[in-house]
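The lines below spell out each chain.
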Amino acid sequence: NGRLEYYQLDGQYHSTAVESGSFLSQPCNVDIDQASGLALVPDLDGPTYVMDGDNQLVSTIDVPGDAAAAGDDGFQHPHDAIFLPSGDVLVCTWNPGRLGLWRKVVEESWLHLP
């Protein structure tokens, strides 16, 4: 659907943060780091996006088909992503079914460790 929408805790619609036709194709979920206000949005058709508190794209976490970094199948179809307490990011993929850890090396920047 390509949209990112907010709902209240009682299930009532609140607002649309990102409209269809934007950079999102198939967003899966959102994890928000309360300390930084950054949000991780894995997209089944693309990378994992990092957005700020104003719903603006800040960065992407993407290793498409890079055999040196992620093996022969690459790191495709991210399905879930979370911020760890250290500020590192953990991303899991739908297919080929992998976990990836990106260590935070500087503010708003991550390094993938195979």
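It should be noted that the structure appears before, not after, this text.
Residues numbered from 1 in each chain as written. Predicted model: local features only at pLDDT ≥ 70, side-chain atom pairs only at ≥ 80, totals over all residues. Heavy atoms only, no water.

A. Fine view of the packing of aromatic side chains. Throughout the structure, instances matching the rule amount to two aromatic pairs. Pairing Tyr-7 with Tyr-13 gives two aromatic rings, centres 5.7 Å apart and planes at 75°, and the pair type is edge-to-face. Since its relative accessible area comes to 44%, Tyr-13 is described here as partly exposed. Ring centres of Phe-23 and Tyr-49 lie 4.9 Å apart, and the angle between their planes is 65°; on these two criteria the pair is classed as edge-to-face. Residue Phe-23 is located in the loop between β2 (13-18) and β3 (31-32), and its partner Tyr-49 is located in strand β5 (residues 48-51); the two are separated by 26 residues in the primary sequence. For Phe-23, a relative accessible area of 29% puts it in the partly exposed group. (Phe/Tyr/Trp six-rings, centres within 6.5 Å; stacked < 30°, edge-to-face > 60°. Buried < 20%, exposed > 50% of the residue type's maximum accessible area, 1.4 Å probe, protein only. Helix = DSSP H or I, 4+ residues; strand = E, 2+ residues; numbered from the N terminus.)

B. Region of interest: the pattern of salt bridges. Enumeration over the complete set of coordinates arrives at one salt bridge. Linking Glu-5 and Arg-3 is a salt bridge whose minimum nitrogen-to-oxygen distance equals 3.1 Å. Under the relative-accessibility criterion, Arg-3 is labelled partly exposed at 34%. (Salt bridge = Lys/Arg side-chain N within 4 Å of Asp/Glu carboxyl O.)

C. Local environment of the nonpolar core. Core analysis: the biggest nonpolar cluster contains nine residues, these being Leu-38, Leu-40, Val-50, Ile-61, Ala-81, Phe-83, Val-89, Val-91 and Trp-102. Secondary structure elements with two or more residues in this core: β7 (78-83) and β8 (89-93). With residues near it in sequence (within four places) discarded, Leu-40 still touches Asn-29, Val-30, Asp-31, Thr-48, Tyr-49, Val-50, Ile-61, Ala-81, Ile-82, Phe-83 and Val-89. Judged by nonpolar contacts, the second largest core, of six residues, contains Leu-4, Val-18, Tyr-49 and Met-51. (Core = buried A, V, L, I, M, F, W, Y, C linked by side-chain atoms within 4.5 Å. Contact = heavy atoms within 4.5 Å.)

D. Spotlight on the pairing of β8. Only one face of β8 is buried, namely the one carrying Val-89, Val-91 and Thr-93, since none of Leu-90 and Cys-92 on the opposite face is buried. Across five bridges, β7 lies against β8 in antiparallel orientation. In the sheet register, Phe-83 faces β8, and the bridge partner there is Val-89. Between β7 and β8, which follow one another and run antiparallel, lie five residues, and Gly-87 among them has a positive phi close to 95°. (Pairing = 2+ DSSP bridges.)

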